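The chain contents come next:
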Amino acid sequence: MTLAGLALRNAFLRNKTRAFLTVLGTMVAALAFVFLRTVLSAWYASSEASAADRVVTRNAISITQPLPLSYRDRILQVSGVTKVTFSNWFGGVYKDPKNFFAKFATDAASALDVFNIRFLEGSKQDFLADRNSCIVGKKLADRYGFKLGETLPLQGDIYPGEWRFRIAGIIDSADDESLANTMYFHWQRLNEGVRPGLKDMVGVYTVSVANSGKSSEVIQQIDSLFANSEYETHTETEKSFRLQFVRGSAAIIAALEAVSGVILLIMALILGNTLAMGLRERTPELGAMRAIGFLPRHVRAISITEGGLLGVLGGLLGVAFAQPVLTSFGKLLSSLGFLTGISFKPGTAALTLLCAAAIGALASAIPAWQAGRMEVVDALRRQE
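Numbering of residues starts from 1 in each chain and follows the order in which that chain's sequence is written. Where local features are concerned, this predicted model is filtered to residues with pLDDT of at least 70; where side-chain atom pairs are given and counted, the filter is 80 or more; whole-chain, interface and lining totals use all residues. Only hydrogens and water are removed before side-chain values are computed, so all heavy atoms of the structure are retained for them.

Asks: What is the right way to read the pattern of salt bridges from this model?
Replies: Where charged atoms from two side chains of opposite charge approach closely, those side chains can pair. Every case where a carboxyl oxygen of Asp or Glu lies within 4 Å of a side-chain nitrogen of Lys or Arg is listed as a salt bridge. What the rule picks out here adds up to 10 salt bridges. Residue Asp 126 is joined to Arg 166 by a salt bridge in which the shortest nitrogen-to-oxygen separation is 2.9 Å. Taken together, the positions of Asp 126 in helix α6 (residues 124–129) and Arg 166 in strand β8 (residues 161–173) put the pair 40 residues apart, joining distant regions of the chain. Each residue gets one of three labels from its accessible area relative to the maximum for its type: buried under 20%, exposed over 50%, partly exposed in between, using a 1.4 Å probe on protein chains only. By relative accessible area, Arg 166 is classed as partly exposed at 26%. We note a salt bridge from Arg 242 to Glu 238, for which the minimum N-O separation is 3.5 Å. Here Arg 242 and its partner Glu 238 are both found in helix α10 (residues 238–247), 4 residues apart, which amounts to about one turn of the helix. A single burial state applies to Arg 242 and to Glu 238, both of which are buried. Numbering of helices and strands runs from the N terminus, with a helix taken as a DSSP run of H or I at least four residues long and a strand as a DSSP run of E at least two residues long.

Here is the structure:
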């Protein structure tokens with residue numbers, strides 16, 4: 001029998017109850033690890049989808065404070081800037097406050113270009129021609145059953161009143177998944193209906209730069225342009241801008257990161273305890289193996305392989321169960337409009353399997369080392 005065969009027999013056939021419980025514990029730990037890492041990945045999904053060649057300019061005081069519309073032409077004159085669009089966060093409620101999704105009033109023509117928006121249904125021309133129209137992301141349309149040509153009613157909160165928009169397009173973007181869960185309408189329509197103090201004021205400017213490697217220079221030029229003015233600006237990369245909203249949940253994210261690390265530690269303890277018990281029970285057998293010619297490295301190789309096999313099997317089962325669990329959980333959160341990017345990702349599954357195998361092998365390192373250094377006479381003399 002080969003060393004791998006001995007490891008396989010020792011891992012799964014010698015004590016089937018213990019092997020079953022060990023694999024079950026590893027499976028649960030792997031499932032929890034996949035789940036937490038997927039949630040963390042979804043939390044950062046929006047910032048990770050940011051374009052490297054875009055920067056965002058907002059009011060230096062706060063994102064809730066507006067900027068004058070006149071800044072657009074001045075930003076366009078900055079060296080290295082190629083395109084500029086602007087938008088306002090609208091807020092608003094669709095039928096029920098639980099139906100949350102992002103809604104922006106934006107400069108339609110420039111936004112379509114800057115954000116690389118593509119139409120899956122409807123047309124760009126139809127949207128641009130009608131100020132009372134809007135476009136909605138594909139996932140948003142699927143979630144609420146929005147159809148082309150229908151009227152989308154919103155009850156304003158930041159901008160009070162009853163707002164109604166005709167759906168002129170179903171959209172997505174090749175480089176930004178967040179657009180599939182977003183609604184856009186004409187900023188000009190919003191500007192017509194706001195009180196005088198908010199007219200010709202915008203929330204943020206999104207700026208495309210010719211060379212992403214020189215974004216820092218463009219950022220400095222834009223902020224210098226409006227330094228010491230009534231409305232000073234703060235400009236940063238699009239990724240940094242989006243990460244601000246993630247940092248608002250920093251305590252939750254840190255807790256999830258810590259728990260995912262604890263799960264790996266628990267997995268190591270489960271596997272290490274099982275392997276230590278198994279090797280201790282097999283001490284006389286290990287002595288006999290050494291007596292007939294097995295070297296210390298052979299004993300260690302068998303033990304480490306045994307741990308790796310237990311870890312891999314538990315990891316495989318955890319990943320297999322994770323797919324339906326994450327699919328169901330992702331649909332539930334999507335229906336609530338929260339963390340819509342949750343889904344089973346092969347990369348996370350591969351990381352989990354790699355961690356399970358590595359932890360299984362590492363957890364067996366100390367028991368394997370102790371088994372390998374044991375004297376043959378002492379091992380044969382010891383009883384189970």
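Asks: When you look at the packing of aromatic side chains in this model, what are you seeing that I'm missing?
Replies: Aromatic ring pairs: the centre-centre distance and the angle between the two ring planes describe each pair. Side-chain rings of Phe, Tyr and Trp, where Trp is taken by its six-membered ring, are said to pair if the distance between their centres is within 6.5 Å; with planes under 30 degrees apart they count as stacked, over 60 as edge-to-face, and otherwise as tilted. Throughout the structure, instances matching the rule amount to 18 aromatic pairs. With a centroid separation of 5.1 Å and 85° between ring planes, the pair formed by Phe 86 and Trp 187 is classed as edge-to-face. With a gap of 101 residues between them, Phe 86 in strand β3 (residues 81–89) and Trp 187 in helix α8 (residues 187–193) connect regions that are remote in the sequence. Per residue, the accessibility class of Phe 86 equals that of Trp 187, and both read buried. Judged by centre distance (4.4 Å) and plane angle (35°), the ring pair of Phe 165 and Phe 185 falls under tilted. With Phe 165 in strand β8 and Phe 185 in strand β9 (residues 182–186), the pair connects residues that are 20 residues apart, well separated along the chain.

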